[in-house]
Amino acid sequence: MLRRLAPALLTLVVVALGVTALAARPKTEAPERTADYVVLVGVAGLRWEDVDPRTTPTLWRMAQRGSIGSLSVRSAHRPTCPVDGWLTLGAGSYAAWNGSRQAGACPPAAVTVEQPDGIGANLPDQESVVLHNQERLPWGTVPGSLSESVRCSVAVGPGAAVAAARPFGRVDRYAAALPRDPAVLLGSCVLSIVDLGTVAGEDPAARQAAARAADAQLARVLAARPPRSLVLVAGVSDTDVPSRLHVAVADGPGWEGGWLTSASTGREGYLQLVDLAPTALAALGRPMPERPFLGRPAESVGDRPADLATAIAQPADADREAAAQRRVAGWYFTLLAAAQVLLGLAVLPMLRRARRHAGPYGPEPVSRRVVAVVEVLLIAAALAVPAALLADVVPWWRGEHAGAWFAGVTVLLVVGATAAVRLTPGYPGTLGPLGAVAGLTTLTVGLDVVTGARLQLNGVVGYSALEGGRYAGLGTVGLGAFLAGALLSAGWLAQRVRRSWRPAVVASVGGAAVVVVGSPYLGADPIGAIALTAGVSVAAVISAGGWLTLSRLAWAAMAGLAVTVGLALLDLRRPAPERGSLGRFLAALGDGTGGLTVHRSSTANVETLVNSPLTVLALAGALLVWFALLQPWGGLMRLFGIYPAVRAAMAGTAVAAVIGGVLGGSALDVAGAAGALVVPMAALSALRVLDHSTDRTRPEAGGPRDEAAAGAAPDPGPPSPDATPDPSGSPATPDPAEPSADATPDPSAPAPDATEQSSGAAAGEPRAGERGRAARSSTEVATS
């Protein structure tokens, strides 16, 4: 009875953990009104490296008083050109100016501003821009939403006119340049938007001159600011490729001496361009528009360093790291994919010759030294991702040759981690390297997530603040590595206990991993948590042996669905600004705009599938597993038969990786990151289990067949498989945690369970009679 209820009970446990992890969210309070006026000042291209007390004294003093942060200027166009940045600022969501433009460039945009009455202005192109964003772009953005949310707004300069224009093109108050005394103009409306020009190019002298001119204009704005006002200074756009992080400063009541952040980033010191519009409305105490902004109101948090130079050094350093990450990440993943493909091709002939034949004829086995070298390379390949994550502990991006520094640090970490795995006591065992590598990966990624995911932000195997997709929690590559490491660790641990306890071990370890991935305090990835829930359920129900039947698959699907439904119901009960991604999607389905979300996700999947090197890694790994490792000579089916918990872990990893990638809009990136760990370890374990496939076990004295053969001279027989040989050629050492590899598993029957064949040992040896039968069966197969 209990065995029949086990799948349902395990499903309930995993579902409860998943819903608990996803439902708990940091408590947020509604922003209070802090200002009577808001002045948004934009300087396209302004970066923190342009700010110093001599060149920009006004901005320096303003930053000393107020709160500062790094601004990500993502828009609907890559790169975010000045006109796109101003349009996104006024829309509160990702927007782009229409018209044909060369990809990757920012040509001067001719914005027509008409002044028919000398008071306001009109943008004749605004209606076509609105239609372009509504019908051609996947965000459904309404340009001019910020101005529509207030009764009156002021624009100074052409860029500000783009941001302040209402959807039909009208600008309430407009001045082409800042007046000699701007106090009257800035006090005429509660919202003012000021364009102070552009800081462009890479020539230091030219940038200093442009920043100095903008700072002089800013001094006039601050001198004429209305009483009880909030002034926001932002580098609203890029001016060329590649994208960079820009300046964000807030000065006003309640914004003294902190770091800027918002719910859209979840990271102290980081803000998005789309956050400025809701920040202005929240400061004025105005309601948000009916169609919610993608951005969230900013706030001032934390105690930043008292010395402004020290504080500014942090966002400036983050900008350098993000720029270096973009240059290094592409060739790193390309080299990783190429190395693992070449290593997979090298393993193929070794798999053919790994089985040591018992008869006098057969192919010459591969030298144990060669096997030992290949095993070390497989371990190194599997540790490449966690080593690259740890490389960010060293500030490699500050060097003149950042790529070379990163490569050197990563290689040293890979060598050190590989040596640590090689020296572990359980290394000679078949599953020894797999357990050590999986544990190291889980520990590395998990500790980073628990401590704030600082290594993933702007890291080569993390996520970039320049992309504007994620600023905190678990990234795509981190999710793939973590779920693979957690499930393989769960399978390795489950294989070391009795069969009846294995589902509970997998559910416990996997449930903890679901909490780490899904909690908004940790991984903050609800889609990843849902995918991992399905993978853990699959692994738990087949960890004790047997096939993945329809009923077991149904339980796993029900677990993922239950977590999804539970999270959706809880998320929909929250106010709209506090909802997560799933709640916003379901709300969009209710108001008829859910198709935009589906379109964005499908577009992201296609782009990632075509452009990402991890796609090659995922496909190459799948081909190696299907056409080599799962073949009768590949050894993986034998491994699965002897170690059913490992088979369960790998099946669960495949399910979780595919679901997490497709639903998360990252296609096969999650699967590629998971495969970078799983496939090398599967190949290594298959090589080892094939190497032991012809080992013999001497029947114990006193058995029925021994009694029938009484009087016959005892046959010493080959060595026991319990003495597992070291692939490097060192003397064999016993591995009590491993089952015997005598009997070749029948792929058409449920996987045998070596632990259950034992009556007392936790490792599980075959019973005496079964040993004798297995030895004779193996001898007959080998001699035939």
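Here is a short report on the structure shown in this document. Only a predicted model underlies this, so the values are computations on that prediction, with no experimental measurement involved.

Parameters at a glance
Residues numbered from 1 in each chain as written. Predicted model: local features only at pLDDT ≥ 70, side-chain atom pairs only at ≥ 80, totals over all residues. Heavy atoms only, no water. Helix = DSSP H or I, 4+ residues; strand = E, 2+ residues; numbered from the N terminus. Buried < 20%, exposed > 50% of the residue type's maximum accessible area, 1.4 Å probe, protein only. Areas by Shrake-Rupley, 256 points an atom, 1.4 Å probe, with all protein chains shown as cover. Expected span 1.5 Å × (residues − 1). Polar contact = N/O pair within 3.5 Å; in protein donor to acceptor, adjacent residues only side chain to side chain. Pairing = 2+ DSSP bridges. Phe/Tyr/Trp six-rings, centres within 6.5 Å; stacked < 30°, edge-to-face > 60°. Lys NZ or Arg CZ within 6 Å of the ring centre and 35° of its normal. Axes fitted to C-alpha atoms, helices over the stretch in contact; angles between N-to-C directions. Parallel < 35°, antiparallel > 145°, perpendicular 65-115°, else oblique. Left-handed = near helix turned anticlockwise from the far one by under 90°. Contact = heavy atoms within 4.5 Å. Nonpolar A, V, L, I, M, F, W, Y, C, P; charged D, E, K, R; others polar. Disulfide = S-S within 2.5 Å. Salt bridge = Lys/Arg side-chain N within 4 Å of Asp/Glu carboxyl O. Core = buried A, V, L, I, M, F, W, Y, C linked by side-chain atoms within 4.5 Å.

**Focus on the overall build of the protein chain**
Next, step 1: Each helix and strand counted, the protein chain has 27 helices and 14 strands in total.
Next, step 2: By the burial criterion, 54% of the 784 residues in the protein chain qualify as buried.
Next, step 3: Per element, the accessible surface of the protein chain, about 32700 Å² overall, is 62% carbon and sulfur.

**Considering helix α21 (residues 613-629)**
Next, step 1: A rise of 1.5 Å per residue sets the reference length of α21, with its 17 residues, at 24 Å; its end C-alpha atoms lie 23 Å apart and thus fit the reference within 8%.
Next, step 2: All buried positions along α21 are accounted for by Leu614, Thr615, Leu617, Ala618, Gly621, Leu624, Ala628 and Leu629.
Next, step 3: Of the residues that open α21, the one with a side-chain oxygen 3.1 Å from the backbone nitrogen of Leu614 is Ser612.

**Overview of the environment of Gln631**
Next, step 1: Here Gln631 is to be found in the loop between α21 and α22 (636-642).
Next, step 2: Residue Gln631 is classed as partly exposed on the basis of its relative accessible area, which comes to 27%.
Next, step 3: Among the polar contacts listed, one links the side chain of Gln631 to the backbone oxygen of Trp626, at a separation of 2.9 Å.

**Examining the pairing of strand β2 (residues 67-72)**
The side chains of a regular strand alternate between both faces of the sheet.
Next, step 1: Judged by how many residues are buried, β2 sits mostly within the fold: six of six residues are covered.
Next, step 2: Pairing between β2 and strand β9 (residues 246-251): five bridges, direction antiparallel. Directly across from Ser70, in β9, lies its bridge partner Val247.

**A closer look at the packing of aromatic side chains**
Next, step 1: Overall, the coordinates contain seven aromatic pairs when judged by the stated rule.
Next, step 2: Ring geometry for Tyr332 versus Phe406: centroids 5.7 Å apart, planes at 80°, classification edge-to-face. Here Phe406 lies in helix α13 (residues 402-422) and Tyr332 lies in helix α10 (residues 308-354), a separation of 74 residues in the sequence.
Next, step 3: Among the residues examined, Phe406 registers a relative accessible area of 1% and is labelled buried.
Next, step 4: The structure contains a cluster of three or more aromatic residues connected by ring pairs, namely Trp331, Tyr332, Phe333, Trp396, Trp397 and Phe406.
Next, step 5: Sitting over the face of the ring of Trp633, Arg352 holds its NZ or CZ atom 4.0 Å from the ring centroid.

**A look at the packing of α10 against α13**
Next, step 1: The contact between α10 and α13 brings their axes to 10 Å, and the two run at 55°. By the angle class used here, α10 and α13 are oblique. Viewed along their axes, α10 and α13 form a crossing whose handedness is right-handed. Contact residues: Ala324, Arg327, Val328, Trp331 and Tyr332 in α10; Ala402, Gly403, Phe406 and Ala407 in α13.
Next, step 2: Partitioning the contact of α10 with α13 into residue classes produces seven nonpolar, one polar and one charged.

**Regarding the state of the cysteines**
Next, step 1: In total, this model carries one disulfide according to the counting rule given.
Next, step 2: Note on cysteine connectivity: Cys152 is disulfide-linked to Cys189, with sulfurs 1.7 Å apart. Taken together, the residues span a long stretch of sequence, with Cys152 in the loop between α5 (145-148) and β4 (153-156) and Cys189 in the loop between α7 (183-186) and β7 (191-198) at a distance of 37 residues. Side by side, Cys152 and Cys189 carry an identical accessibility label, which is buried.

**Things to note about the pattern of salt bridges**
Next, step 1: Scanning all chains against the criterion turns up 17 salt bridges.
Next, step 2: One salt bridge connects Asp317 with Arg320, and the closest N-O pair in it is separated by 3.3 Å. Taken as a pair, Asp317 and Arg320 lie in helix α10 at a separation of three residues, close to a single helical turn.
Next, step 3: Among the ionic contacts, a cluster of salt bridges with common partners joins Arg47, Glu49, Glu202, Arg244 and Asp319.

**A word on the nonpolar core**
Next, step 1: The biggest cluster of nonpolar side chains holds 101 residues, and the ones touching the most others in it are Tyr332 and Leu532.
Next, step 2: When residues in this core are grouped by element, the largest group, 16 residues, is from helix α24 (residues 669-691).
Next, step 3: Apart from residues lying up to four places away in sequence, Tyr332 is in contact with Ala384, Val385, Ala388, Phe406, Val460 and Val461.
Next, step 4: Residues Ala155, Ala164, Ala234 and Ala298 belong to the second largest nonpolar core, which totals 47 residues.

**Topic: the packing of helix α2 (residues 57-65) against helix α8 (residues 204-223)**
Next, step 1: The interhelical angle for the contact between α2 and α8, taken along N-to-C directions, is 55°, at an axis separation of 7 Å. As far as their axial angle goes, α8 and α2 are oblique. Residues Pro57, Thr58, Leu59, Met62 and Arg65 of α2 touch α8, and the partners they reach there are Asp215, Leu218, Ala219 and Leu222.

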